[in-house]
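For reference, the chains in residue letters:
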Amino acid sequence: MKLVVGGVHQGKTAFAHTLSEHACDDLHRLIREWMQSGEDLQEQVARIEKAYADGVITVAEVGCGLVPMDAFEREYRETVGRISCGLAAQAAEVYRITCGIAVRIK
């Protein structure tokens, strides 16, 4: 699996599709949906890892900037960060995208 991280609207999806046509875009959005619906995050993330073992996963860096006042938003931000760290540890390659420019960090 390859992981592509970066800020919102920085070119993650376009770059991911140069690596593979099999891509899970915007994992951070799925994480929010799972948290809001009370789904088992470990189970869902394991499902995504398996489904995209030969593909690419993109996730936004949501932990930069101000700390949200809302408790759910803080928990969401921390959860996305922890899941991203876990995915990066498992990934064969990790890229960070800024202004459409990819830098391989693993």
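In short, a report on the structure.

Criteria and thresholds
- Residues numbered from 1 in each chain as written.
- Predicted model: local features only at pLDDT ≥ 70, side-chain atom pairs only at ≥ 80, totals over all residues.
- Heavy atoms only, no water.
- Axes fitted to C-alpha atoms, helices over the stretch in contact; angles between N-to-C directions.
- Helix = DSSP H or I, 4+ residues; strand = E, 2+ residues; numbered from the N terminus.
- Left-handed = near helix turned anticlockwise from the far one by under 90°.
- Contact = heavy atoms within 4.5 Å.
- Buried < 20%, exposed > 50% of the residue type's maximum accessible area, 1.4 Å probe, protein only.
- Core = buried A, V, L, I, M, F, W, Y, C linked by side-chain atoms within 4.5 Å.
- Salt bridge = Lys/Arg side-chain N within 4 Å of Asp/Glu carboxyl O.
- Patch = residues over 30% accessible without salt bridge, like charges linked within 9 Å, V, L, I, M, F, W, Y side chains within 5 Å.
- Areas by Shrake-Rupley, 256 points an atom, 1.4 Å probe, with all protein chains shown as cover.

Considerations on the packing of helix α3 (residues 41–51) against helix α4 (residues 71–90)
- Two elements in contact, α3 and α4, have axes whose closest approach is 12 Å; the angle formed by their N-to-C orientations is 35°. Every pair of crossing elements has a handedness; the one defined by α3 and α4 is right-handed. Together, Leu-41, Val-45 and Glu-49 of α3 and Thr-79, Ile-83, Leu-87 and Gln-90 of α4 make up the contact between the two elements.

Things to note about the environment of Val-62
- With respect to the helices, strands and loops of the structure, Val-62 is situated in the loop between β3 (56–60) and α4.
- Among the residues examined, Val-62 registers a relative accessible area of 22% and is labelled partly exposed.
- For the pair Val-62 and Glu-75, spaced 13 residues apart in the sequence, the C-alpha separation amounts to 11 Å.
- Those residues within four positions of Val-62 in sequence are excluded, and the remaining contacts are His-28, Tyr-76, Arg-77 and Val-80.

What about the nonpolar core?
- Leu-3, Leu-27, Ile-31, Ile-48, Ile-57 and Leu-87 are the most contacted members of the largest nonpolar core, which has 19 residues in total.
- Those elements that place two or more of their residues in this core are β1 (2–6), α2 (27–37), α3, β3 and α4.
- Once residues lying within four places of it in the same chain are set aside, the contact partners of Leu-27 are Trp-34, Ile-48, Ile-57, Thr-58, Val-59, Ile-83 and Leu-87.
- Grouped together as the second largest cluster of nonpolar side chains are seven residues, Val-4, Phe-15, Ala-16 and Ala-23 included.

Here we look at the pattern of salt bridges
- Inspection of every chain in the model, using the stated rule, returns four salt bridges.
- Glu-73 serves as the salt-bridge partner of Arg-32, at 2.9 Å between the closest nitrogen and oxygen. Highlighted residues: Arg-32 in helix α2 and Glu-73 in helix α4, separated in sequence by 41 residues.
- Notably, a salt bridge pairs Glu-61 with Arg-96, separated by 2.7 Å at the nearest N-O pair. Residue Glu-61 is found in the loop between β3 and α4, and its partner Arg-96 is found in strand β4 (residues 93–98); the two are separated by 35 residues along the sequence.

Section: a nonpolar patch on the surface
- A grouping of Ile-101, Val-103 and Ile-105 is seen on the molecular surface, where their side chains present a nonpolar patch of about 300 Å² in accessible area.
- Following the sequence through the fold, Ile-105 ends up in the segment after β5 (101–104).
- Judged by its relative accessible area of 54%, Ile-105 falls in the exposed class.

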